[in-house]
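For reference, the chains in residue letters:
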Amino acid sequence: MSDVRVFGPASRVLPAAAPATGSLASGLEDRGKKERALALISSAENSTLGWRGQFGYIEDIKDGRGYTAGIVGFTSGTADMLAVVTAYAKNKPGNVLQKYLPALRAVNGSDSHAGLDPGFPAAWRAAARDPVFQRVQEAARDAYYFNPSMRLARDDGLRALGQFAYFDAAVMHGVSGLRAIRTAALRTAKTPAQGGDEPTYLNAFLNARVAEMRTEAAHEDVSRVETAQRLFLRRSNLDLTAPLTWQVYGDSYKLTN
């Protein structure tokens, strides 16, 4: 796939990211910091820090994308859910979700449940108990969102907080949406790789992210930026060092390690 958080079909799977080097190597490639990032994503996507308990999450949140499910909110309307179920069928033929592939292809690009109701949510929850399906979800998260956002963040000279800001934007808006937000930010600030000040650039990026979120009613609550990422930035926590405290949608969270 070239991008998956967009309406319509996708084409190819993104390659894995290369390891970071130099001063950026302590970013989200660090296992502990990646875990923090995944917990932060889960606080916004699933209102819990326990992201490993969200493989079976599924509901229609009425955002025009059909069913939202799994550890980063794969959706039936934006190609990534179709990609996940396709990969699961390749890894485990005859699984409980495979019969829904024709319906997922048909509803891709819409909010329709045609061919999915009433059995698809229960089948997704059943599949989520399978370690094979869990690995497929994690691989899809990394290939479609984490790895490409990390590549872009490293190219821009960003440390862990900036890498997370890019990752979170990719999860919500797709990599193409992330790039569009970055382009808007570059109109007012330079990246560190361009010689710019990192906090100044990140403020510009978060401003552009908030502006993009407010174009959709389903994303008009911008607390995952303003009372989380912006809060870390105001605290000068560019390395996303624990302990971390933040709020999303009015709920308070804390990570001690």
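Every value quoted in this text rests on a predicted model; they were computed, and no experiment measured them.

Student: Which residues make up the pattern of salt bridges, and what are the values?
Tutor: All chains considered together, the criterion is met by 15 salt bridges. Where Arg-65 meets Asp-63, a salt bridge forms, and the shortest distance between an N and an O atom there is 3.9 Å. Both residues of the pair, Arg-65 and Asp-63, belong to the buried class. We note a salt bridge from Arg-159 to Glu-198, for which the minimum N-O separation is 3.1 Å. On the criterion of sequence distance, the pair formed by Arg-159 in the loop between α5 (131–155) and α6 (160–185) and Glu-198 in helix α7 (residues 198–213) is long-range, its members being 39 residues apart.

Student: Got a sec to walk through the layout of surface pockets? Specific residues and values, please.
Tutor: There is about 370 Å³ of room inside the largest pocket. Split by residue class, the lining of the largest pocket holds 9 nonpolar, 5 polar and 7 charged.

Student: Hey, could you go over the packing of aromatic side chains for me, with residue numbers and the actual values?
Tutor: Applying the stated criterion to the full structure yields 12 aromatic pairs. Ring geometry for Phe-146 versus Phe-167: centroids 5.2 Å apart, planes at 85°, classification edge-to-face. Residue Phe-146 is located in helix α5, and its partner Phe-167 is located in helix α6; the two are separated by 21 residues in the primary sequence. Taken together, a centroid distance of 6.5 Å and an interplanar angle of 35° make the contact between Tyr-201 and Phe-205 tilted. Placement of both Tyr-201 and Phe-205 in helix α7 is noted, with a separation of 4 residues, approximately one turn of the helix. The pair Tyr-201 / Phe-205 is uniform in exposure class, with both members buried. Members of the aromatic cluster, joined through ring pairs, are Tyr-67, Tyr-88, Tyr-100, Phe-120, Trp-124 and Phe-133. The positively charged end of Lys-34 is found above the aromatic ring belonging to Phe-146, 4.4 Å away from the centroid. The lysine or arginine in question, Arg-141, covers the ring of Trp-51, its NZ or CZ lying 5.1 Å from the ring centre.

Student: Before we move on, can you summarise the pairing of strand β5 (residues 251–255) with the specific residues and values?
Tutor: Put simply, side chains in a regular strand alternate between the two faces of the sheet. Across 5 bridges, the pairing between strand β4 (residues 244–248) and β5 is antiparallel. Counterpart to Leu-244 in the pairing with β5 is Leu-255. The hairpin formed by β4 and β5 contains 2 residues between the paired strands, and Tyr-249 there has a positive phi angle of roughly 55°.

Student: Lay out empty space enclosed by the protein in plain terms, naming residues and giving numbers.
Tutor: Counting across every chain of the model gives 2 cavities of 30 Å³ or more. In this model, the largest cavity occupies a volume close to 50 Å³. Those elements giving two or more residues to the lining of the largest cavity turn out to be α1 (31–45), α6, α8 (223–234) and β4. The calculated volume of the second largest cavity comes to roughly 30 Å³. Along the walls of the second largest cavity sit Leu-38, Ile-41, Ser-42, Trp-51, Ile-71, Val-72 and Arg-141, which together make up its complete lining. In terms of residues, the lining of the second largest cavity owes the most to one element, α1, which gives 3 residues. By residue class, the composition of the lining of the second largest cavity is 5 nonpolar, 1 polar and 1 charged.

Student: Tell me about the packing of helix α2 (residues 80–91) against α5, residues and numbers included.
Tutor: The geometry of α2 relative to α5 is characterised by a closest axis approach of 9 Å and an angle of 135° between their N-to-C directions. Classified by the angle their axes make, α2 and α5 are oblique. Note that α2 runs across α5; the crossing there is right-handed. Side by side, α2 and α5 meet where Asp-80, Ala-83, Val-84, Ala-87, Tyr-88 and Asn-91 of the first sit next to Val-132, Phe-133, Val-136, Gln-137, Ala-140, Tyr-144 and Tyr-145 of the second.

Conventions used here
- Here the residue numbers are simple positions, counted from 1 along each chain's written sequence.
- Note on the predicted model: pLDDT of at least 70 is required for a residue's local features to be given, and 80 or more for side-chain atom pairs to be given and counted; whole-chain, interface and lining totals, by contrast, use all residues.
- To obtain the side-chain values, all non-hydrogen atoms of the structure were included, while hydrogens and water were left out.
- Between Lys or Arg on one side and Asp or Glu on the other, a salt bridge is scored when a side-chain nitrogen of the former is within 4 Å of a carboxyl oxygen of the latter.
- Under the scheme applied here, a residue whose accessible area is under 20% of the maximum for its type counts as buried, over 50% as exposed, and between as partly exposed, the area being computed with a 1.4 Å probe on protein chains only.
- In this description a helix means any DSSP run of H or I spanning at least four residues, a strand means any run of E spanning at least two, and both kinds are numbered starting from the N terminus.
- Think of a 1 Å grid over the protein atoms and nothing else: a 1.4 Å probe that fits but is trapped marks a cavity, an open set flanked by protein within 12 Å on at least five of seven lines marks a pocket, and residues with an atom within 4 Å of a point count as lining.
- Grid points are joined across faces, edges and corners, and a volume is the space filled by probe spheres set on the points.
- Amino acid classes used here: Ala, Val, Leu, Ile, Met, Phe, Trp, Tyr, Cys and Pro are nonpolar; Asp, Glu, Lys and Arg are charged; the rest, including Gly, are polar.
- When two rings of Phe, Tyr or Trp (its six-membered ring) have centres within 6.5 Å they constitute a pair, described as stacked for plane angles under 30 degrees, edge-to-face for angles over 60, and tilted for the intermediate range.
- Criterion for a charge above a ring: Arg CZ or Lys NZ at most 6 Å from the ring centre, at most 35 degrees from the ring normal.
- A pair of strands is treated as paired once DSSP finds two or more bridges between them.
- Think of each axis as a best-fit line through the C-alpha atoms, taken over the contacting stretch in the case of a helix, with angles from 0 to 180 degrees between the N-to-C directions.
- The labels follow the angle: roughly parallel below 35 degrees, roughly antiparallel above 145, roughly perpendicular from 65 to 115, and oblique for the rest.
- Whether a crossing is left-handed or right-handed is set by the direction in which the near helix is turned from the far one by less than a right angle, anticlockwise for left-handed and clockwise for right-handed.
- Note on contacts: a residue pair qualifies if any of its non-hydrogen atoms lie within 4.5 Å across the two residues.

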